[in-house]
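Report on the structure
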Amino acid sequence: MRIYRAKNYQELSRKAANIISAQVIIKPNCVLGLATGSSPIGTYKQLIEWYNKGDLDFSEVKSVNLDEYRGLGIESDQSYVYFMHHNFFDHINIKPENINLPNGKNPDAAAECARYEKVIESLGGIDLQLLGIGRNGHIGFNEPGSAFERLTHCVDLTESTIEANKRFFASADDVPRQAYTMGIQSIMHARRIVLIASGEDKAQAVHDAFFGPVTPEVPASVLQLHQEVYLVADEAALSLVK
Ligand code: F6R
């Protein structure tokens, strides 16, 4: 594991974007695994800036996102597909046919999860997976207790995740109760992983994930077993790491 200690969110975003852009330059038709949430917004902004300058070309890049709320589609501004278009895809030259997310509108969970795993497989796997981390150590929507061997599946969200995500909705009652998520095994198959963490409220999760025991109780701790992980975090998120 490599740790990049950034002074602040801006520096963290620049570093994460730098690793992603190197991936795109080395392999222009790479498969990027992408995440939503607050953490990667700065990274996407930085990538867009470099794209606008002419330094990056996404025309051959393929993307697969980690997760999507069950029941939500692009018409909902809380959906992850909306988020990705709004914060990234609509500002770069990625081809629409190269964008992949779980389809939250497919009510058949088993069929949708199997379809999504096939998509990842047909692309030849993920070259670089970008991750955030939940305050409870979750990655994707793999909550504490998730089995490490799971592939894409449908999950019931925990109260703590509903609580953390309600800031994006009118109220906690509006947060969907289920989501489709890549499983931990799907994530671990990625050839390279970049996890970004910002702020003091992530400090305990970062400490437990990277410096505690490997346990399903802290889903991100499985990353200690991955051969190429970059932890890009600011000083606040690393404040419990000696
Ligand atoms: C997002 C995702 C989640 C977030 C995590 C951190 O696609 O899968 O695991 O990465 O909840 O969220 P933020 O960045 O909002 O703190």
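Above this note sits the structure.
Residues numbered from 1 in each chain as written. Predicted model: local features only at pLDDT ≥ 70, side-chain atom pairs only at ≥ 80, totals over all residues. Heavy atoms only, no water.

1. Some words on the overall build of the protein
Note the threshold: Here a strand is any run of E in DSSP of at least two residues, a helix any run of H or I of at least four, and the numbering for each starts at the N terminus. Radius of gyration: over C-alpha atoms. The globule rule applied is 2.2 Å multiplied by the number of residues raised to the 0.38 power. Summary of the burial criterion: residues with accessible area below 20% of their type's maximum are buried, those above 50% are exposed, and those between are partly exposed, where the area comes from a 1.4 Å probe applied to protein chains only. Contacts: residue pairs with any heavy atoms within 4.5 Å of one another. Areas reported as accessible are Shrake-Rupley estimates using a 1.4 Å probe. Residue values count occlusion only from the protein chains shown. When charges are counted, Lys and Arg are positive and Asp and Glu negative, with His and the chain ends excluded. The atom standing in for a charge is NZ when the residue is Lys, CZ when it is Arg, CG when it is Asp and CD when it is Glu.
Helices and strands together make up the secondary structure of the protein, namely seven helices and ten strands. Relative to the globule expectation of 18 Å for 242 residues, the C-alpha radius of gyration of the protein, 17 Å, shows essentially globular dimensions. Overall, the C-alpha framework of the protein stretches about 45 × 40 × 35 Å when taken along its three principal axes. Per-residue burial for the protein yields a buried fraction of 55% across its 242 residues. By sequence separation, contacts in the protein at least 24 residues apart represent 79% of the contacts at least 6 residues apart. Counting every atom, the protein has about 10700 Å² of accessible surface; 51% of that belongs to carbon and sulfur. The average position of the 23 basic charges and that of the 30 acidic charges among the side chains of the protein differ by 5 Å.

2. Details of the packing of aromatic side chains
Selection criterion: We call Phe, Tyr and Trp rings a pair once their centres come within 6.5 Å, taking the six-membered ring for Trp, and we label the pair stacked below 30 degrees between planes, edge-to-face above 60, and tilted otherwise. We call a charge positioned above a ring when the Lys NZ or Arg CZ atom is no farther than 6 Å from the ring centre and deviates by at most 35 degrees from the ring normal.
The tally for this structure, following the rule as stated, stands at nine aromatic pairs. For the ring pair Y44 and F88, a centre distance of 4.6 Å and an interplane angle of 20 degrees mean the geometry is stacked. Highlighted residues: Y44 in helix α2 (residues 41–52) and F88 in the loop between α3 (80–87) and β5 (99–100), separated in sequence by 44 residues. By relative accessible area, which is 1% here, F88 ends up buried. Among the aromatic residues, those joined into a cluster by ring pairs are Y44, Y51, F58, F88 and F89. The side chain of K15 reaches across the aromatic face of Y4, ending 4.3 Å from its centre.

3. Re the sheet that holds strand β8 (residues 178–181)
What counts, and what does not: By this definition, two strands are paired if DSSP reports at least two bridges between them. Helix axes use the C-alpha atoms of the stretch in contact, all axes being lines fitted to C-alpha atoms, and the angles between their N-to-C directions lie in the range 0 to 180 degrees.
One open sheet accounts for three strands, arranged β4-β8-β7; its pairing is antiparallel. Of all the strands in the sheet, just β4 (67–69) and β7 (153–156) have a single pairing partner and so form its edges. Taking the axes of each pair of neighbouring strands and ignoring which way they run, one obtains an average angle of 25 degrees across the sheet. As paired elements, β4 and β8 share three bridges and run antiparallel to each other. Its bridge partner lying in β8, D67 is registered against T181.

4. Quick word on the sheet that holds strand β6 (residues 128–131)
Pairing is parallel across the open sheet formed by seven strands, whose spatial order is β1-β10-β9-β6-β2-β3-β5. Both edges of this open sheet fall to β1 (2–6) and β5, since each of them pairs with a single strand only. Here four bridges tie β6 to strand β9 (residues 192–197), and the two strands are oriented parallel to one another. Among the inter-strand pairings, Q129 is bridged to a residue of β9, identified as I193. Helix-sheet contacts for helix α1 (residues 9–26) involve β1, β2 (31–34), β6, β9 and β10 (229–234), and the interaxial angle to β10 is about 155 degrees.

5. Re the environment of V119
Mapping V119 onto the fold places it in helix α4 (residues 109–122). The class for V119 is buried, based on a relative accessible area of 14%. When sequence neighbours within four positions are dropped, the list of residues in contact with V119 reads V64 and N100.

Interpretation note: all reported values are geometric properties and have no functional meaning in isolation.
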